[in-house]
Structure formats: C-alpha cells, structure tokens
Amino acid sequence: DLRKFMSNGVAAAMSGEEAKADKFWAGLKTLKTEWGMAKDDLRKFMSDGVASAISGEEAKADKFWAGLKTLKTEWAMTKDDLRKFMSDGVAAAISGEEAKADKFWAGLKTLKTEWGMTKDDLRKFMSNGVAAAMSGEEAKADKFWAGLKTLKT
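Residues numbered from 1 in each chain as written. Predicted model: local features only at pLDDT ≥ 70, side-chain atom pairs only at ≥ 80, totals over all residues. Heavy atoms only, no water.

A. How the structure looks around a nonpolar patch on the surface. A cluster of nonpolar side chains, M6, M14 and W25, forms an exposed patch at the surface whose accessible area comes to about 280 Å². With respect to the secondary-structure elements, W25 resides in helix α3 (residues 18–33). In this structure W25 comes out as partly exposed when scored by relative accessible area, which is 45%. (Patch = residues over 30% accessible without salt bridge, like charges linked within 9 Å, V, L, I, M, F, W, Y side chains within 5 Å. Areas by Shrake-Rupley, 256 points an atom, 1.4 Å probe, with all protein chains shown as cover. Salt bridge = Lys/Arg side-chain N within 4 Å of Asp/Glu carboxyl O. Helix = DSSP H or I, 4+ residues; strand = E, 2+ residues; numbered from the N terminus. Buried < 20%, exposed > 50% of the residue type's maximum accessible area, 1.4 Å probe, protein only.)

Rendered as structure tokens:
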C-alpha cells in the first residue's frame, strides 16, 4: 500500500535529481535482493531517514549499508527486526557524521552490557528520540543516560 510506504523523503528521492532517484531505486533493489524484503517489509522499514540515506551522497549511503550489516552481524537482526528497529533517527545516526555514529554504536553497546537489553528489547525501546539522544551532543546524551538511571531507581 503506497499510503504506508510514501513519505516526504521517499517522494523527494523519487522525484529529485536523476542520480538521487537512481540511488533510491538501487537501494530498494538491494533491500529486496540482499535483505529479502518484500513489499510489506519495505512499507514498514521505509522512512524519510532511510530514503535520505540510500539516495544521498555515496559516503552516507555506504555508512547506512555498513550499519545494516553491523546490526545483522553483531545484533543478529533479521529483516523482521530491522522493520521494527529502524526509524528516521536510527537511519540518521548510522549514516551521519562519524562522531554521531560512534556515539550511537557505543550507546547500543551500553544498552546491551549495562542495561541487559536484548535485540527484542531494543526493537521496542528504540525511537527517533532515543537514537537522537544517544548520538547527539554530549550534554544531551549525558542527560539521557542520567534520566534512564533515574527511571531505573
């Protein structure tokens, strides 16, 4: 259903410069062939952030694809897991500047080691806001982690 698939980012990728549109369509093909995503999977997985990452500059797209592989190898995430875990915030964190991506990956490690979160927990816990807080400026990230500790007690 196009109503669930379409977003501002998808429309921009499809109707933008030819190179951007070509990257978008190639990205969809990769999600279908290498990740086994069918139409229903793509409707749930796609967001403005994903569309921007797969149709953007080459370095950004490369980081996004590498991030998906990391989620698959280090977190054993399947396409079903990725459909629930992925958001604009996650896509931006894994495909953005290196410092933000490093903070995001470190945050996932912290959630696993210090908070005992499993892949299933992360699928439910992750959101745009969580991804942004973990990968954002240090002061905000510190407040996020302190807030989690307060909620735990």
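B. Structural view of the packing of aromatic side chains. Counted under the stated rule, the structure contains 5 aromatic pairs. Summarising the aromatic geometry, the rings of F64 and W65 are spaced 5.3 Å apart at their centres and angled 75° between planes, so their arrangement reads as edge-to-face. Just as F64 is buried, W65 falls in that class too. Seen in terms of ring centroids, F104 and W105 are 5.4 Å apart; in terms of plane orientation they differ by 75°. Their pairing is edge-to-face. A relative accessible area of 0% places F104 in the buried class. (Phe/Tyr/Trp six-rings, centres within 6.5 Å; stacked < 30°, edge-to-face > 60°.)

C. Looking closely at the packing of helix α8 (residues 88–95) against helix α9 (residues 98–113). Interhelical geometry of α8 versus α9 gives an angle of 120° and a closest axis separation of 6 Å. Compared by their axis directions, α8 and α9 come out oblique. Residues V90, A93 and I94 of α8 form the contact with α9, whose own contacting residues are K100, A101, F104 and W105. Residues of the contact of α8 with α9, tallied by class, amount to 6 nonpolar, no polar and 1 charged. (Axes fitted to C-alpha atoms, helices over the stretch in contact; angles between N-to-C directions. Parallel < 35°, antiparallel > 145°, perpendicular 65-115°, else oblique. Contact = heavy atoms within 4.5 Å. Nonpolar A, V, L, I, M, F, W, Y, C, P; charged D, E, K, R; others polar.)

D. Local environment of α3. With 16 residues, α3 ought to run about 22 Å at 1.5 Å a step, and its terminal C-alpha atoms sit 22 Å apart, in line with that. Those residues of α3 lying buried are A21, F24, G27, L28, T30 and L31. (Expected span 1.5 Å × (residues − 1).)

E. Summary view of the pattern of salt bridges. A complete count under the given rule lists 9 salt bridges for this structure. K119 serves as the salt-bridge partner of D81, at 2.9 Å between the closest nitrogen and oxygen. Of the two residues, D81 sits in helix α7 (residues 79–85) while K119 sits in helix α10 (residues 119–125), which places them 38 residues apart along the sequence. Residue D81 is classed as buried on the basis of its relative accessible area, which comes to 3%. Judged by its relative accessible area of 23%, K119 is partly exposed. With its nearest N and O atoms 2.3 Å apart, the salt bridge here joins R123 to D81. On the criterion of sequence distance, the pair formed by R123 in helix α10 and D81 in helix α7 is long-range, its members being 42 residues apart. Here the two residues R123 and D81 agree in accessibility, since each one is buried. Salt bridges linked by common partners bring D40, D41, R43, K44, K79, D80 and R83 together as one network.

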